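Working through the structure, step by step
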Amino acid sequence: MHSQLNTLPASHLEQIFNAINLGLIMVDAEERVLLWNDWLSKHSNLPQQQVIGKKLADAFDTPPTPAFLTAVRNTLSHGLPVVLSNALHRSPLPLFDPTELSDEKVRMHQSISITPLNSPGGRCCLIQVTDSSTSIKREKMLRSHSEMLKVEATTDSLTGIYNRRFFDEHYKMVLGHSRREKLPLSVFMIDIDFFKEYNDYYGHLAGDKTITAVANSLKSQLFRSTDVLARYGGEEFILVLPNMSEESALQFAEKLRMAVWDLGLPHLKSKIAQQLSISIGLSTFNQDNDGDLKTLLKCADAALYKAKQKGRNQSVQIAVSELTALSTVS
């Protein structure tokens, strides 16, 4: 094959260089351009006759990046190949998509390989330029799709807040952090009062809208990025607030309860009022107790049960140390 290429006329070699779907530049030891194929002419809008013989740094209307010129000079000096990946060097050369109609053209993303060549006149180097715009777009699409799938996997489709799957994973992490840093951690279990009766009377569509309204109301009370609200079940929500003491937690629970109450949503089938209300059970982990993942949740659940027993539309707090005394509460 090598001997066959040697016998090809120069015009045939030129046709081959120009037919290749990538840019080819050859420079000599003085960095003067010896080869400039049609692909380069098309994407730089510079014809071959205008650049042949010029210094590479002066060939383009806008100079190449310093990193690109340094790479070429290192190859010429040391005879070592260099690859400029698009991950670190997105657009070393001022090349553009000729089909782009916008007045403010954006540089093409490029992958560049620089290869040393030895010739009778001294060392040269061959620069191969590949358009990596498509692969960059594909990478962005895949990343975007991955993020979308991640959001779908961790978000409740009805309310837009986190789902139970996300909460279970997040809860393990924040409880571990609270233990290491010796900080309190408060958990709230929230239930819409007499929601079955609401659904039966107003219909499931109205029930879904009400669940969303309650979720938005609860979420509006959160101001720290570490505060996490999730839909735990049908009409049940769970909230975890790091670094919140028992005293502050009870005050915050009342704030949540009143936020939903102030929505003023009619609930004619409620057995305690003519409008929608919630019950809240809460518990706080601190270094004075030996609570684990399940214990803290059991306390919050027991507190919610007690709030319902006491008449609903209220907040009840149970400490981890009280759980034994409430072992009969399911």
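Here we summarise the structure given alongside this text. Just so we're clear, the structure is a prediction, and the values are computed from it rather than from any experiment. (Residues numbered from 1 in each chain as written. Predicted model: local features only at pLDDT ≥ 70, side-chain atom pairs only at ≥ 80, totals over all residues. Heavy atoms only, no water.)

Once that is clear, we can look at the packing of aromatic side chains. The final tally for this structure, using the stated rule, is eight aromatic pairs. Between Phe188 and Phe252, the ring centres sit 6.0 Å apart and the planes meet at 70 degrees, which makes this aromatic pair edge-to-face. Of this pair, Phe188 sits in strand E6 (residues 185-192) while Phe252 is found in helix H11 (residues 246-261), placing the two residues 64 residues apart along the sequence. Between the aromatic rings of Phe195 and Tyr198, the centroid separation amounts to 6.0 Å while the plane-to-plane angle is 10 degrees, which identifies the pairing as stacked. Taken together, the residues Phe195 and Tyr198, both in helix H9 (residues 195-202) and three residues apart, mark about one turn of the helix. Across the pair, exposure class does not vary: Phe195 and Tyr198 are buried alike. The structure contains a cluster of three or more aromatic residues connected by ring pairs, namely Phe195, Tyr198, Tyr201 and Tyr202. The aromatic ring of Tyr232 is capped on one face by Arg164, whose charged end is 3.8 Å from the ring centroid. The ring of Phe194 carries Arg312 above its face, with NZ or CZ at 4.3 Å from the centroid. (Phe/Tyr/Trp six-rings, centres within 6.5 Å; stacked < 30°, edge-to-face > 60°. Helix = DSSP H or I, 4+ residues; strand = E, 2+ residues; numbered from the N terminus. Buried < 20%, exposed > 50% of the residue type's maximum accessible area, 1.4 Å probe, protein only. Lys NZ or Arg CZ within 6 Å of the ring centre and 35° of its normal.)

Time to look at the sheet that holds strand E9 (residues 278-285). The five strands lie next to each other as E7-E8-E6-E9-E10, forming an open sheet whose pairing is mixed. What marks the edges here is a single partner per strand, and that holds for strand E7 (228-231) and strand E10 (315-317). The sheet shows a mean angle of 20 degrees between the axes of neighbouring strands, taken without regard to direction. Across four bridges, the pairing between E7 and strand E8 (residues 236-242) is antiparallel. Its bridge partner being in E8, Arg231 is matched across the sheet by Phe237. (Pairing = 2+ DSSP bridges. Axes fitted to C-alpha atoms, helices over the stretch in contact; angles between N-to-C directions.)

Ordered in space as E2-E1-E5-E4-E3, the five strands form an open sheet in which the pairing is antiparallel. Whereas interior strands pair on both sides, the edge strands pair on one side only; in this sheet they are strand E2 (33-36) and strand E3 (82-84). Strand-to-strand twist across the sheet, computed as the mean angle between neighbouring axes with direction ignored, equals 15 degrees. Sheet analysis places E3 next to strand E4 (residues 110-119), joined by three bridges and oriented antiparallel. Note that in E4 the partner of Val82 across the bridge is Ile114. Against the sheet, helix H6 (residues 66-78) contacts strand E1 (23-27), E3, E4 and strand E5 (122-131), and its axis sits at roughly 145 degrees relative to E5. (Contact = heavy atoms within 4.5 Å.)

Looking now at the pairing of E5. Direction of pairing for E1 relative to E5: antiparallel, over a ladder of five bridges. Among the inter-strand pairings, Gly23 is bridged to a residue of E5, identified as Val129. Alignment of E4 against E5, held across ten bridges, turns out to be antiparallel. Looking at E5, one finds that Gln110 is bridged to Asp131. Between E4 and E5, which pair antiparallel in sequence order, lie two residues.

Assignment of secondary structure puts Val214 in helix H10 (residues 204-219). C-alpha separation for the pair Val214 and Leu265, spaced 51 residues apart in sequence, amounts to 9.8 Å.

Taking 1.5 Å of rise per residue, 16 residues should cover 22 Å, and H10 covers 22 Å from first to last C-alpha, within 8% of that figure. Along H10, the residues classified as buried are Gly207, Thr210, Ile211, Thr212, Val214, Ala215, Ser217 and Leu218. Structurally, H10 contributes buried residues whose contacts are with E6, H9, E7, E8, H11 and E9. (Expected span 1.5 Å × (residues − 1).)

Take the packing of H9 against H10 next. Interaxial distance between H9 and H10 falls to 7 Å at its minimum, and their mutual angle equals 135 degrees. Classified by the angle between their axes, H9 and H10 sit oblique to one another. For the pair H9 and H10, the contacting residues are Phe195, Tyr198, Asn199 and Tyr202 in the first and His204, Ala206, Gly207, Thr210 and Ile211 in the second. Among the residues forming the contact of H9 with H10, the class breakdown is five nonpolar, four polar and no charged. (Parallel < 35°, antiparallel > 145°, perpendicular 65-115°, else oblique. Nonpolar A, V, L, I, M, F, W, Y, C, P; charged D, E, K, R; others polar.)

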